[in-house]
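The lines below spell out each chain.
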Amino acid sequence: METRRVKVPVATIWKSKESPRKVDRPALEGDVKTWVDQMSDQESIDLSEKDLLETQALFNDEVIIDHFDGDWAKVYVASQSDDSDSRGYPGWVPTKLLSAEQIVYPPVTATVRIAVRTANLYNESKQPILELSLGTVLLQTGTDGDYFEVVSPLGKGYIDKKATVLPFIGQNAGETMVQMGRQFLGMRYLWGGVSSYGFDCSGFAYTLHRVLGFDIPRDADDQQESGLPLSPEEILPGDLVFFAYDHGTGYVHHVGMYIGKGQMIESRTPGAKVDIADLTEPKFASEFAGFRRYWR
């Protein structure tokens, strides 16, 4: 089984090689920040309506190679579980966004997880070489003053310690996730998004859990199938809230994160933004499908 690593801040994983549009060219270069900034609202909505994207993978994420086809690779994102394939979330990605060969890292026991909106990866001279997204996971090989030394597809690098979860510690993991999530209030929804440049609803929940080392499924319907079921009396900040068609009994299509006082933070829907919503809002009240907890 051949694997590669993502070597750009965010690699967008497409439904097919034919999916990208002219406006998507920056994404094909791994420049998701520019891509999102230049898209109109309608172009962003079309990603969902035309079903162009599968998901995204972050810097250093491992992908399993199914096969190559020209300048593209059919891959499975190993860190994103999906009920369609045990290897991970499937899709197509430009080969140039991946490491040229399989990378075998030295044995390490510690990881560095980016918890701020973006953080620089520095070289040995402490010059920035790449802007990384919240949720990026790197292997730690040492410390150097105010920096963690890490290993990555670009070789040895350094991450400022202040970019980790340390500034966000709450009374528990749930509150910590809520604090991290508030960084993104007002950011536009991105279909398939799992990075600081845009999230879909389940990508938002997935990435916030990932920062704290909790492995949850990628999509809302799979997220609702696992985790610890909760009664309304048991819920705490950080728990997930699910919504389904057919008055909450059908397909699960949305997830938010409970923040307390009957509210949730969510990446609402294509064309909308990350916001705080009341669970009593008529649409949500009529489609409520349960609570789940993955943190502990």
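Here is what the cut-offs are and how they apply
Residues numbered from 1 in each chain as written. Predicted model: local features only at pLDDT ≥ 70, side-chain atom pairs only at ≥ 80, totals over all residues. Heavy atoms only, no water. Helix = DSSP H or I, 4+ residues; strand = E, 2+ residues; numbered from the N terminus. Buried < 20%, exposed > 50% of the residue type's maximum accessible area, 1.4 Å probe, protein only. Contact = heavy atoms within 4.5 Å. Areas by Shrake-Rupley, 256 points an atom, 1.4 Å probe, with all protein chains shown as cover. Lys, Arg positive; Asp, Glu negative; His and termini not counted. Charge placed at Lys NZ, Arg CZ, Asp CG, Glu CD. Polar contact = N/O pair within 3.5 Å; in protein donor to acceptor, adjacent residues only side chain to side chain. Core = buried A, V, L, I, M, F, W, Y, C linked by side-chain atoms within 4.5 Å. Domains from an automatic or database assignment. Salt bridge = Lys/Arg side-chain N within 4 Å of Asp/Glu carboxyl O.

- An unreviewed UniProt entry annotates the chain as Gamma-D-glutamate-meso-diaminopimelate muropeptidase originating from Lentilactobacillus rapi.

1. Here we look at the overall build of the chain
Working step 1: Across its full length, the chain carries 8 helices and 20 strands.
Working step 2: Along the first, second and third principal axes, the C-alpha atoms of the chain reach 50 × 45 × 35 Å.
Working step 3: For the chain, buried positions account for 57% of its 296 residues.
Working step 4: Sequence-distant contacts in the chain: of pairs separated by 6 or more residues, those separated by 24 or more amount to 59%.
Working step 5: Summing over all exposed atoms, the chain offers an accessible surface of approximately 12700 Å²; the carbon and sulfur share of this is 48%.
Working step 6: Within the chain, one finds 30 positive and 43 negative side-chain charges whose respective centroids are separated by 5 Å.

2. Brief notes about helix 4 (residues 173-181)
Working step 1: With 7 of 9 residues buried, helix 4 is to be regarded as a mostly interior element.
Working step 2: Buried-residue contacts for helix 4 involve helix 5 (201-211), strand 17 (252-260) and strand 18 (263-267).
Working step 3: Regarding helix 4, its N-cap is Asn 172, as a side-chain oxygen of that residue lies 3.1 Å from the backbone nitrogen of Gly 174 further along.

3. Remarks on the nonpolar core
Working step 1: Core analysis: the largest hydrophobic core is formed by 48 residues, its most contacted members being Trp 14, Trp 35, Leu 47, Phe 184, Phe 204, Leu 240 and Met 257.
Working step 2: Only strand 2 (10-14), helix 1 (25-28), helix 2 (32-38), strand 3 (53-58), helix 4, helix 5, strand 16 (240-244) and strand 17 provide two or more residues apiece to this core.
Working step 3: With 6 residues, the top contributor of residues to this core is helix 5.
Working step 4: Lining this core are residues from two domains, each supplying at least three of them: domain 1 (3-97) and domain 3 (173-293).
Working step 5: The residues contacting Met 257, other than those within four sequence positions of it, are Met 177, Val 178, Leu 208, His 209, Gly 238, Asp 239, Leu 240, Gln 263, Met 264 and Ile 265.

4. Considerations on the pattern of salt bridges
Working step 1: The tally for this structure, following the rule as stated, stands at 21 salt bridges.
Working step 2: Taking the shortest distance from any N to any O, the salt bridge between Arg 5 and Glu 62 comes out at 3.9 Å. Residue Arg 5 is located in strand 1 (residues 3-5), and its partner Glu 62 is located in strand 4 (residues 62-69); the two are separated by 57 residues in the primary sequence.
Working step 3: On the basis of relative accessibility, which here comes to 16%, the residue Arg 5 falls in the buried class.

5. Regarding the environment of Gly 135
Working step 1: With respect to the secondary-structure elements, Gly 135 resides in the loop between strand 9 (128-133) and strand 10 (137-144).
Working step 2: Contacts of Gly 135, omitting those with residues within four sequence positions, involve Leu 58, Ile 114, Thr 207, Arg 210 and Val 211.

6. A short note on unusual backbone geometry
Working step 1: The backbone of His 247 shows a phi angle near 60°, a positive value even though the residue is not glycine.
Working step 2: Secondary-structure assignment places His 247 in helix 7 (residues 245-248).
Working step 3: Owing to a relative accessible area of 68%, His 247 belongs among the exposed residues under this scheme.
Working step 4: Here the phi dihedral of Lys 261 falls at roughly 55°; this positive angle occurs in a residue that is not glycine.
Working step 5: In this fold, Lys 261 is placed in the loop between strand 17 and strand 18.

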